Amino acid sequence: MIEKEILSDTDSVYNYKDGDTVLGYLEIRLVDGVIDIMNLFVNEENRKQGIATALMEEMFKKEKYSRIMLEVNENNIEALRLYNKLGFKEISLRDRYYGEDTAIIMEKVK
């Protein structure tokens, strides 16, 4: 089950739960029609079960947005696969954003 928790006028969290246990969450910030994905996390033992995809798809349905922005470590291959599958496109790079690693800036336009 996915529940949305409103944290402030701009910030929300989508929690993927099994009963009372949170298996993963998606934290977003929505300002002027642009969603910034602040964090997407799934417990290690619950990965590869479609939880991250379900969280993202729930956000796509529920939020009113013109575009979604995120940044991901160039070495996070699983996250890159997910974002590409969901229609995100690389728009920019930030060298050495994660220590020695580059951040890939991605966008999805509605």
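Provided above is the structure to which this section pertains.
Residues numbered from 1 in each chain as written. Predicted model: local features only at pLDDT ≥ 70, side-chain atom pairs only at ≥ 80, totals over all residues. Heavy atoms only, no water.

Draft legend 1. The overall build of the chain, seen in detail. Counting its secondary structure elements, the chain contains two helices and seven strands. Along the chain direction, N to C, the helices and strands of the chain fall in the order β-β-β-β-α-β-α-β-β. Computed over C-alpha atoms, the radius of gyration of the chain comes to 14 Å, within 12% of the 13 Å expected from 2.2 N^0.38 for 110 residues, which places it in the range of a compact globule. Expressed as a percentage of contacts within the chain between residues at least 6 apart in sequence, the contacts between residues at least 24 apart total 45%. About 6800 Å² of surface is accessible on the chain, with carbon and sulfur atoms providing 45% of the total. Averaged over its 16 positive side-chain charges, the chain has a centre that lies 6 Å from the centre of its 22 negative ones. (Helix = DSSP H or I, 4+ residues; strand = E, 2+ residues; numbered from the N terminus. Rg over C-alpha atoms; globule rule 2.2 N^0.38 Å. Contact = heavy atoms within 4.5 Å. Areas by Shrake-Rupley, 256 points an atom, 1.4 Å probe, with all protein chains shown as cover. Lys, Arg positive; Asp, Glu negative; His and termini not counted. Charge placed at Lys NZ, Arg CZ, Asp CG, Glu CD.)

Draft legend 2. View of the environment of Val42. As for its placement among the helices and strands, Val42 is situated in strand β4 (residues 34-42). As for Val42 and Glu100, which are separated by 58 residues in sequence, their C-alpha atoms are 24 Å apart. Dropping the residues within four chain positions of it, Val42 is found in contact with Leu23, Gly24, Arg47, Ile51 and Ala52.

Draft legend 3. Local environment of the pattern of salt bridges. Tallied over the full model, the rule gives 10 salt bridges. A salt bridge links Glu71 to Arg94, with the nearest nitrogen and oxygen atoms 2.7 Å apart. Taken together, the residues span a long stretch of sequence, with Glu71 in strand β5 (residues 67-73) and Arg94 in strand β6 (residues 89-98) at a distance of 23 residues. What you see here is one network of salt bridges that share partners, running through Lys48, Glu78 and Arg81. (Salt bridge = Lys/Arg side-chain N within 4 Å of Asp/Glu carboxyl O.)

Draft legend 4. Seen up close, the side chain of Asn43. With respect to the helices and strands, the residue Asn43 is situated in the loop between β4 and α1 (51-62). Take Asn43: its relative accessible area is 18%, and that puts it in the buried class. For Asn43, the residues in contact, after removing those within four places along its chain, are Val22 and Leu23. (Buried < 20%, exposed > 50% of the residue type's maximum accessible area, 1.4 Å probe, protein only.)

Draft legend 5. Region of the structure containing the pairing of strand β2 (residues 11-18). Pairing between strand β1 (residues 2-6) and β2: five bridges, direction antiparallel. Counted as the bridge partner of Ile2 is Tyr16 from β2. Connecting β1 to the antiparallel partner β2 that follows it, the hairpin turn spans four residues. Here eight bridges tie β2 to strand β3 (residues 21-31), and the two strands are oriented antiparallel to one another. (Pairing = 2+ DSSP bridges.)

So yeah, pure geometry; function would need other evidence.
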